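Below are the chains, spelled out letter by letter.
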Amino acid sequence: MSDRVIPEKIRCDACPVMCFIADGKIGACDRYANHGGDLLRLDPLTIIDNAADKGIKAVPFLQGTDGTDWDGDLLRADTPFVTAIGAGTTYPDYKPAPFIVSQDVEGVDMVTVVTEGIFSYCGVKIKIDTDRHIGHERAVVRVDGEAVGHVMTSEYGSKMLSLGGVEHLTGGSKKEGRVTCDALLKLCNCDAVEMQIDDGASVVVQAGQAPVIDGTPEQLMRVGCGSATIGMFAAQWVGHVDEVIVVDDHITGQLSEHQAGQQLDVPPTGIKIMGRRSTPGRYFQVAEPGTGWGGTDIEDPLAILKPSDAKKAWPGLRLLMVSTTGEQAAYYELDGDLTPVSKPMPAPLQASADRIAENCEPSICSVLFMGGAGGSLRAGVTENPVRLTHSVKDSLTLVSVGGAEAYVWPGGGITIMADVLNMPSNAFGYVPTPALVAPIEFTMRLSDYAALGGHMDEVQPIEDVDRPDVRKVGQIDPKSAPSDRRNFRWKDTP
Amino acid sequence: MSAPQAVLLKDGARLHLQHGPIDLIVGADAACASDRTVAFDAARTRFETVLTELTGELPLLRTGITKARSAPAGVIARRMYDAVRAHMSRSFVTPMAAVAGAVADEVLHSMTQAAPLTRAYVNNGGDIALHLSEGQQFTAAIAGLTGAALGQVRIPAGAGICGIATSGQGGRSLSLGIADSVTALGTSAASADAAATLIANAVDLPHHPNVQRQPANHLHPDSDLEDRPIVTHVGSLSQGEIALALDRGLSMAYAMKEENHIHGAYLNLRGNNRLVGRIPMQSPKTDQEVAYG
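Reading guide: rules and limits
- Residues numbered from 1 in each chain as written.
- Chains lettered and ligands numbered in written order.
- Predicted model: local features only at pLDDT ≥ 70, side-chain atom pairs only at ≥ 80, totals over all residues.
- Helix = DSSP H or I, 4+ residues; strand = E, 2+ residues; numbered from the N terminus.
- Expected span 1.5 Å × (residues − 1).
- Buried ≥ 20, exposed ≤ 12 C-beta atoms within 10 Å, placed from the backbone.
- Arc of directions from axis to C-beta.
- Contact = placed C-beta atoms within 7 Å.
- Pairing = 2+ DSSP bridges.
- Axes fitted to C-alpha atoms, helices over the stretch in contact; angles between N-to-C directions.
- Parallel < 35°, antiparallel > 145°, perpendicular 65-115°, else oblique.
- Left-handed = near helix turned anticlockwise from the far one by under 90°.
- Core = buried A, V, L, I, M, F, W, Y, C linked by C-beta atoms within 7 Å.

### Describing helix α8 (residues 239-258) of chain B
Residue and element names in this part refer to chain B. Its 20 residues give α8 an end-to-end C-alpha distance of 28 Å, which sits within 8% of 28 Å, the value for a rise of 1.5 Å per residue. Turning to α8, its buried residues are Ala-245, Leu-246, Arg-248, Gly-249, Met-252, Ala-253 and Met-256. The buried residues of α8 occupy an angular sector of 145° when projected down its axis, which confines them to one face. Turned more than 90 degrees away from the buried face of α8 sit Gln-239, Gly-240, Ser-251 and Glu-258, all of them exposed. Contacts made by the buried residues of α8 are with β9 (181-186), α6 (189-202), β12 (264-269) and β13 (272-276). Within two residues after α8, Asn-260 carries a phi angle of roughly 60°, on the positive side.

In structure tokens, the structure reads:
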């Protein structure tokens, strides 16, 4: 039970329309929203009218003002850390980034350069927690019929997709680029995208939500592979059942042959499994990949059994078959011909299947934005772009994306990955090129900024950008603190 | 509460007016340079009260049009009412279907009254009121949902086209249909706005499982569409379904053309299109690629 009070609709008083706005919704202007009962200004990202940068002159609306009341739709996020969301961009690249903000953090003068980078070279890496077969490795992933990426691989209990990248954004047809850009934008802003995988499934992916595979929301992520499941639960089965088979597309486990069964003195049962035996009690390729039991294509688990070995099996032998999530389970006993016959599941065995399910984590889609801050936007930070790359590699400069922690890849350039769930809402925009517009911030000591040839004349104190119309959000990723000294090479110097 | 804003854009040839949900880009050409300034001053002055005039009559403007209904009092509200009244037998419609076009018409009217202009336009989020003197023309690009150009319309003076409006899944307005965009040409921006809205609503596949809908007032509690199901997401559609949906819009567009409510309309859905009337369309330009990175 929750005591949380659902916020009521609020009346927006930003303009005479006085919209009634329900929680999570926006007003008629698209500029104001009800965010958990608070009226929030959320201008759509705009880089078309980067006012000051293009020398646009403001004229007073009414006599007596000087026209500066129009701010070109800037929107920035939390203080004390200013993110690049809504900061705008500078294109061409040699101009200083829109905001270079300084603040005192624990006695150190820190500077954060915020800009919205235009990423023609970017994409998302998606992890979908499911064992169901959604498509073969290298299968093309399509949105609205256009190729936007491919199935990369299967990692532990999850399928990985790679979407976007220069091949799809600019390397294909114009429509392919547009559709790819639109799909990336939605995924990065935590919206749902429906995609079809060639010779595979239809999947709806939304960051932080369960994947919907062929119309069915996935529930649980596997507790482990079939072999691991045997290892984890063997002790709970002994005495209640003679044989357990955990059906898994990757590694199907068999209790009596498995090392865990051996150690518990489980006798051989003569139950034989299809597929290729890897080591005792561990079988590969017991069926084709699919959306049935344990990520195989089977709906009837008996389909993976060969006739039992008459020398070892016995009538009345008790057999449990269960999937790696515990969502499917069936109980059989061998009849006089040693054929398995379905029987009601004994309570202790049902409890063990439930225990497997209980130990599974909820199935979630994770979306990591990945892009290379290569040529252009570095020039907005410093007159000597390669020094920024070196400074990042030397742990003198920290890169963050919309305030979220970014993993910086080893090797050349500044190639980053960041979890879109750790960013404020609507952190991403796009340009019709097509390319994504992503917020990116570089944080360092003021002295380090000067040393790498920073635009020192453009540095402004944080108080100057903290105006009333700035959008402020609470900390989203508890681990992320871009200005914290622990991020930097000099962390131990006083 | 925010006040109306006015900003002269960088080239000095365009004025940006904004108040609440209204964003206008205003352009004017005149033989004498000072006439542009006069026209911009007139637009700014007229714009000061536009939103408050409308909000004073909002409940009435958000109600469906019927024969029994009395006309609203305000000048802009009356433009809206006149534009949608022609369609009340066709489907449910409120004056709000023409609000953007009516505002554009009214601001343009204030400018042409104030100074002799060779060419002027007021673009209210894609709904455009046009003034063209002899020999002038106006070119508008029609953009798809992603911002890429679908084509250009070149409108000459003397054709009687004084308004262009676009409705559909792009943009801010809620749509009852699935059209990516419907662009209509009319004798005023308000009439084009009403027509584009209703044609876009008609491009639809009722009960299709891949079309997600929500009651309009779940998204906007004040919506004039009340609990009518507005389209929130369109999933994959077959070519046959796309053609079927477009043809539904097409027959409404034909009827409006027959009754002289529009000069023409251009309907788009998933890269497929339908054309009604003689619209001077041109293919999208292909030379505008820009590389970044």
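### Points about the sheet that holds strand β2 (residues 14-19) of chain B
Residues and elements named next belong to chain B. Taken in spatial order, the 9 strands make up an open sheet running β1-β2-β3-β4-β5-β8-β9-β12-β13, and their pairing is antiparallel. With one partner strand each, in any of the chains shown, β1 (5-8) and β13 form the two edges of the open sheet. Sheet twist, expressed as the mean angle between neighbouring strand axes with direction ignored, is 15°.

### Quick look at the packing of helix α1 (residues 33-47) of chain B against helix α5 (residues 99-114) of chain B
Residues and elements named next belong to chain B. The geometry of α1 relative to α5 is characterised by a closest axis approach of 8 Å and an angle of 140° between their N-to-C directions. Put simply, α1 runs oblique to α5. In terms of crossing hand, the pair formed by α1 and α5 is right-handed. Here Val-38, Ala-39, Ala-42, Ala-43, Arg-46 and Phe-47 of α1 lie close against α5, whose contacting residues are Glu-106, Val-107, Ser-110, Met-111 and Ala-114.

### Considerations on the nonpolar core
In a soluble, globular protein the nonpolar side chains are often hidden away together inside. Ranked by internal contacts, the top residues of the largest apolar core, which has 96 residues, are Met-80, Ile-199 and Val-203 of chain B. Here this core takes 10 residues from α6 of chain B, the largest share from any one element. In this structure, Met-80 of chain B is in contact with Leu-61, Pro-95, Ala-98, Val-99, Ala-102 and Ala-190 of chain B, ignoring residues within four places of it in sequence. Counting residues in each nonpolar core, the second largest holds 71 residues, with Ile-197, Val-401, Met-423 and Phe-488 of chain A among its members.

### Focus: the pairing of strand β8 (residues 140-143) of chain A
Every regular strand shows the same layout, with side chains that alternate between the two sheet faces. Residues and elements named next belong to chain A. Relative to strand β9 (residues 146-155), β8 runs antiparallel, the two being bridged by 4 bridges. Its bridge partner lying in β9, Val-140 is registered against His-150. As consecutive antiparallel partners, β8 and β9 are separated by 2 residues, and within that stretch Asp-144 has a phi angle of approximately 50°, a positive value. In the sheet, β8 pairs with strand β11 (residues 193-197) via 2 bridges, with the strands oriented antiparallel. Within β11, the position partnered with Val-141 by the bridge is Ile-197.

### Focus on the sheet that holds strand β21 (residues 318-323) of chain A
Sheet strands associate in pairs through backbone hydrogen bonding, adopting either a parallel or an antiparallel arrangement. Residues and elements named next belong to chain A. If you walk across this open sheet you meet the 7 strands as β18-β19-β16-β15-β21-β22-β23, and the pairing is mixed. Each edge of the open sheet is held by one strand with a lone partner, namely β18 (276-279) and β23 (340-342). In this sheet, adjacent strand axes meet at a mean angle of 30° when their direction is disregarded. In the sheet, strand β22 (residues 329-334) pairs with β23 via 3 bridges, with the strands oriented antiparallel. In the sheet register, Glu-333 faces β23, and the bridge partner there is Val-341. Sitting on the sheet, helix α3 (residues 226-237) touches β15 (243-247), β16 (252-254), β19 (282-284) and β21, and the angle it makes with β15 is about 150°.

Read these as spatial facts, not as claims about activity.
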